[in-house]
Amino acid sequence: MTDVTDTSKACSVRTLDLASIGEALAVQYVQPPTAAPEWARWLEEIGFIVGERVMLMARGLPGGDPLVVRVAQSTFALRRAEAACIGVTPVDQTDTQEIVA
Amino acid sequence: MNEAVIHFHPSGPLLALVGNPNCGKTALFNLLTGSRQKVANYAGVTVERKEGRLTTPAGRTLRVLDLPGAYSLYPRSPDERVTCDVLFGRAAGEKRPDLVVCVVDATNLRRNLRLALAVKRLGLPCVVALNMTDLAEKRGLRIVPERLSAELGMPVVSTVAIRHTGAEPLLALFDDQQTWRRATADTPIPGHAAPIGDPHSNQSDHVAVRQILQNLGLDEIVPHTPSDRIDRVVLHPIIGPLLLASILFLVFQLVFAWAETPMNLIKAATSEVGQAIGAALPDTWIRSLIVDGVIAGAGGVLVFLPQIVILYFFILLLEESGYLPRAAFLLDRLMGGVGLSGRSFIPLLSSFACAIPGIMAARTIANPRDRLVTIMIAPLMTCSARLPVYALLIGAFVPQREVYGMLELQGLVLLSLYLAGIVGALAVAWGLKRFTAAGREVRPLMMELPNYHWPTPLNVGLGVWQRVAIFLKRVGGIILILTILLWLLASFPAPPEGATGPAIEYSLAGMLGQALAVVFEPIGFNWQISIALVPGLAAREVAVSALGTVYALATAGEDTAQALAPLIAANWSLATALSLLAWYVFAPQCLSTLATVKRETGGWTMPLLMAGYLFALAYAASFVTYRVALALGAG
């Protein structure tokens, strides 16, 4: 499930499941696992669109799964495998505008 | 028993409410239609169809359809598919709506407006109800409906679904003939010269929404800080699960404590009515049918009503406040381990009162495979109908003493029976995950955690009422028919002249029981138990009174158990009693549950599969229990 390749992206790009809690991030890409291509659309529908602001709010127990993720105004519970589809980069905390990809 | 589509207001204009989940759409529907609602199913699918009626200030009567919540017009669950099909006008037996009301959460325009834009493209007359404007204002979001209307190119009114007068602007809009005529399909969004390229692109809708919000100065992200603060406690890795366990414990305590008095009243009333009618009728088989069949059968259904009402009340309270998705979040890891998701938690919780409402609640699970597995394991949750049987056996065979100075042995045995059911359910789900192809697929969670709200009495009250009505309507009929059928089995043929044993021994049920005794002999059941299991098919607790009948006791109701306890303690071995307890943890002896499964899955395959696997499981568990107990000298 974590076969998401991010070699072509800038080195500051990580996947959302690896982010630290409370860090201000923006979506860089959504890349579903090959076994579940429909996840891309589903994640986009609930707001994980390139450029959108996201933040990891909390991790579940045990094993840090699932995750609580803030995307724009909404809060969603995602499993780690789902969050691993979402590439993110940090954004300036003081900047309230979205970054445009 | 497929449900027909109900057109109860076949004429009159139809308007449909559409919106994201958690946008307050159902609250608005309740406010618009009040108690004038009808809950049924969409044709061919088990998706709840809610239709209501409203009267506009000018006196026009309109039909209102509350469509299932959807994030987009690309369905991923049966619920969302219905929403799409209705809007596209291709749902079987449904009229395409004359007007669509897009309900939009004013505190979350970024996501909600995307759906509004997608709906607008369908070309149906369309208005936007800007809901929860009170909450938006509290957060400093001042949205001018007129300006948003100009940006979107469709009428926008602000609504507050939790306020009595909160829908008045929307109602006024329904009287404007212009609303119903507006052709929105070809109207480009003002200020956005560039046409939306791919008409189905989320991305382009996202860009359009962002542009609109920027134009209105609303593009700042304002999180709901009170919800975040509550979540820091509720979702805390240690406090969170403890809080959940406490809430569940409290709910169960209250379900059983508060239900006791009304349940006793219902029992007393049933027997009063039975006696009164029995006294008025001549002693024929008709009297027996009415008193022992119909009245006792109806009482058997009604007696669970208090528990179901109270359980639903708490579930709705937790649901309306926004806590339930958090509970599902906390349990997701545990459920994920056996191939389910946290969403299965609510149906399984309901199943502790009765598996039937639990199986019906499984409709909220989007994934068909998860839904099916949840339905299949729901009967393993210890429903309250098993309690009288457990109480009888524990009272007769488990000594009343304390262990470790503070724990009561009888209570511990009861708790372990509950746990055995839960562990059994988890094991079955795990087995299905491990050994079926569909089980190994990875299914996403992607569950919204909405902001916390105070539940409103109207929404909780209507919710409880609707669920209770469904339960009574569906279950009442089935149980009643089955009870009458079993009464026939237990009463015919009549005992021959000069018979010494109880009448049931000579009936069809008795013969069936004697035949079954051969099957049940290896797990330690005698023929009396086997006979009692037959009427116990109607409702598990009936087995207690059936045992009373077999042992020719002349008492009824509560007294049966008291008189029966010493009798079975003297007649049965401990191994037999333990085996029967193990049987009751797993056995599929509830025909109403199987009938509900048939309804919900639309065929005989699943109920037969369920009966088969539960029977095998129960037999195996009883066999092991009986043999181990014998080996340990409990024979």
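Residues numbered from 1 in each chain as written. Chains lettered and ligands numbered in written order. Predicted model: local features only at pLDDT ≥ 70, side-chain atom pairs only at ≥ 80, totals over all residues.

**A few points about the overall build of chain B**
Then comes step 1: Looking only at helices and strands, chain B features 27 helices and ten strands.
Then comes step 2: A globule of 635 residues ought to have a C-alpha radius of gyration of about 26 Å, and chain B, at 28 Å, matches this closely.
Then comes step 3: In terms of principal-axis extent, the alpha carbons of chain B reach across some 95 × 55 × 45 Å.
Then comes step 4: In chain B, which comprises 635 residues, the proportion classed as buried is 44%. (Helix = DSSP H or I, 4+ residues; strand = E, 2+ residues; numbered from the N terminus. Rg over C-alpha atoms; globule rule 2.2 N^0.38 Å. Buried ≥ 20, exposed ≤ 12 C-beta atoms within 10 Å, placed from the backbone.)

**Examining the interface of chain A and chain B**
Then comes step 1: Tallying the contact residues gives 32 residues for chain A and 27 residues for chain B.
Then comes step 2: At the level of secondary structure, the elements contributing two or more residues to the side of chain A that touches chain B comprise α1 (39-45), β3 (53-59), β4 (67-71), β5 (74-78) and α2 (80-83) of chain A.
Then comes step 3: A breakdown of the residues in the side of chain A that touches chain B according to their chemical character gives 17 nonpolar, seven polar and eight charged. (Contact = placed C-beta atoms within 7 Å. Nonpolar A, V, L, I, M, F, W, Y, C, P; charged D, E, K, R; others polar.)

**Some thoughts on the confidence of the model for chain A**
Residue and element names in this part refer to chain A.
Then comes step 1: On average, chain A scores 81 in pLDDT, and the residues at 70 or more come to 80%.
Then comes step 2: Confidence drops under pLDDT 50 across residues 1-10; counting only partners more than four residues distant or on other chains, this segment forms 16 contacts.
Then comes step 3: Across residues 95-101, where pLDDT falls below 50, the model places 13 contacts with residues more than four positions away in sequence or in other chains. (pLDDT = per-residue confidence, 0-100.)

**Side note on the packing of helix α18 (residues 409-435) of chain B against helix α25 (residues 574-586) of chain B**
A pair of packed helices is captured by two measures, namely the crossing angle of their axes and the spacing between those axes.
All names here are of chain B.
Then comes step 1: The interhelical angle for the contact between α18 and α25, taken along N-to-C directions, is 45°, at an axis separation of 9 Å. By the criterion of interaxial angle, the relationship of α18 to α25 is oblique. Like other packed secondary-structure pairs, α18 and α25 cross with a definite hand, here right-handed. Across from L417, A420, G421 and G424 in α18, the residues of α25 making contact are L581, V585 and F586.
Then comes step 2: Partitioned by chemical class, the residues of the contact of α18 with α25 number five nonpolar, two polar and no charged. (Axes fitted to C-alpha atoms, helices over the stretch in contact; angles between N-to-C directions. Parallel < 35°, antiparallel > 145°, perpendicular 65-115°, else oblique. Left-handed = near helix turned anticlockwise from the far one by under 90°.)

**Things to note about the confidence of the model for chain B**
Residue and element names in this part refer to chain B.
Then comes step 1: Residues at a pLDDT of 70 or more form 91% of chain B, whose mean pLDDT is 83.
Then comes step 2: This stretch, residues 1-9, has a pLDDT under 50; its non-local contacts, to residues over four places away or in other chains, come to ten contacts.
Then comes step 3: Note that residues 184-199 has pLDDT below 50 and, in this model, 26 contacts with residues that lie over four places away or in other chains.
Then comes step 4: Interface predicted TM-score (ipTM) for the complex: 0.83; the corresponding pTM is 0.79.

**Observations regarding the sheet that holds strand β10 (residues 447-448) of chain B**
Then comes step 1: Read across the open sheet, the seven strands follow the order β1(A)-β6(A)-β2(A)-β3(A)-β4(A)-β5(A)-β10(B); overall the sheet is antiparallel. This sheet does not close on itself; its edge strands, each paired only once, are β1 (14-15) of chain A together with β10 of chain B.
Then comes step 2: Direction of pairing for strand β2 (residues 25-30) of chain A relative to β3 of chain A: antiparallel, over a ladder of two bridges. If you follow L25 of chain A over to β3 of chain A, its bridge partner there is V54 of chain A. (Pairing = 2+ DSSP bridges.)

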